[in-house]
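For reference, the chains in residue letters:
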Amino acid sequence: MKCSSFLTVRSYECDSYSHVNNAVYLNYLEFARMDYLNQIGFPYNDVVKAGYFLYVTHVDIHYKASAFLNDKIIIETTPVKLGAVSGTLHQIIRKEDGTVCAEADVTWASVKNGGIPAKLPKEFLVEELKP
């Protein structure tokens, strides 16, 4: 299931070259991942209350074009892999005109208190997490 998230570039996200700083794209990806979880009905707050967390373990990002102040941004998030304790989401950041600004594969792992890898309980595994 592909989900789309939307935002507008804010002034404090731009660097001295007047475009979005490369590190800010990681914030955009994080925003869209949480929005994706909300859209698919993943009960993140319940997962945390049960003592589980989703940690980002790897980000492979490719920057393709710059975004600028007030650009409308669309971030598409699609699951591409789901294992026993980890998964990978493919994310594309586009401008409103379709220009791809960045593309990333983000790997996450499920952990219990203390950062120990652990399977999520079945009641938290919503169908839309699967590719």
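The preceding data block contains the structure.
Quick summary incoming for the structure in this document. (Residues numbered from 1 in each chain as written. Predicted model: local features only at pLDDT ≥ 70, side-chain atom pairs only at ≥ 80, totals over all residues. Heavy atoms only, no water.)

Here we look at the overall build of the chain
When its secondary structure is counted, the chain shows two helices and six strands. Relative to the 2.2 N^0.38 estimate, which gives 14 Å for 131 residues, the radius of gyration of the chain is 16 Å and therefore close to what a compact globule would have. Counting only C-alpha atoms, the chain reaches 45 × 30 × 20 Å along its principal axes. Residues counted as buried form 38% of the 131 residues belonging to the chain. A sequence separation of at least 24 residues applies to 66% of the contacts in the chain between residues at least 6 apart. (Helix = DSSP H or I, 4+ residues; strand = E, 2+ residues; numbered from the N terminus. Rg over C-alpha atoms; globule rule 2.2 N^0.38 Å. Buried < 20%, exposed > 50% of the residue type's maximum accessible area, 1.4 Å probe, protein only. Contact = heavy atoms within 4.5 Å.)

What to know about the nonpolar core
Core analysis: the biggest nonpolar cluster contains 17 residues, and Y25, Y28, I75 and I93 have the highest contact counts within it. Of all the secondary-structure elements, those providing two or more residues to this core are α1 (24-39), β3 (72-82) and β5 (100-112). The leading source of residues in this core is α1, at five residues. Not counting chain neighbours up to four residues away, the residues in contact with I93 comprise Y25, Y28, L29, I73, I74, I75, T99, V100, C101 and A102. Grouped together as the second largest cluster of nonpolar side chains are 15 residues, C3, Y36, A118 and L129 included. (Core = buried A, V, L, I, M, F, W, Y, C linked by side-chain atoms within 4.5 Å.)

Quick word on the packing of aromatic side chains
Using the criterion set out here, one finds three aromatic pairs in the structure. On the basis of an interplanar angle of 65° and a centroid distance of 5.6 Å, the ring pair of Y25 and Y63 is categorised as edge-to-face. Of the two residues, Y25 is situated in helix α1 and Y63 in strand β2 (residues 52-63); the sequence distance between them amounts to 38 residues. Classification of Y25 as buried rests on a relative accessible area of 3%. Relative to Y44, the ring of F42 lies with its centre 6.5 Å away and its plane at 40°, an arrangement referred to as tilted. Residue F42 is classed as buried on the basis of its relative accessible area of 3%. Pairwise contacts between aromatic rings join Y25, Y28 and Y63 into one cluster. The aromatic ring of Y52 is capped on one face by K112, whose charged end is 4.4 Å from the ring centroid. (Phe/Tyr/Trp six-rings, centres within 6.5 Å; stacked < 30°, edge-to-face > 60°. Lys NZ or Arg CZ within 6 Å of the ring centre and 35° of its normal.)

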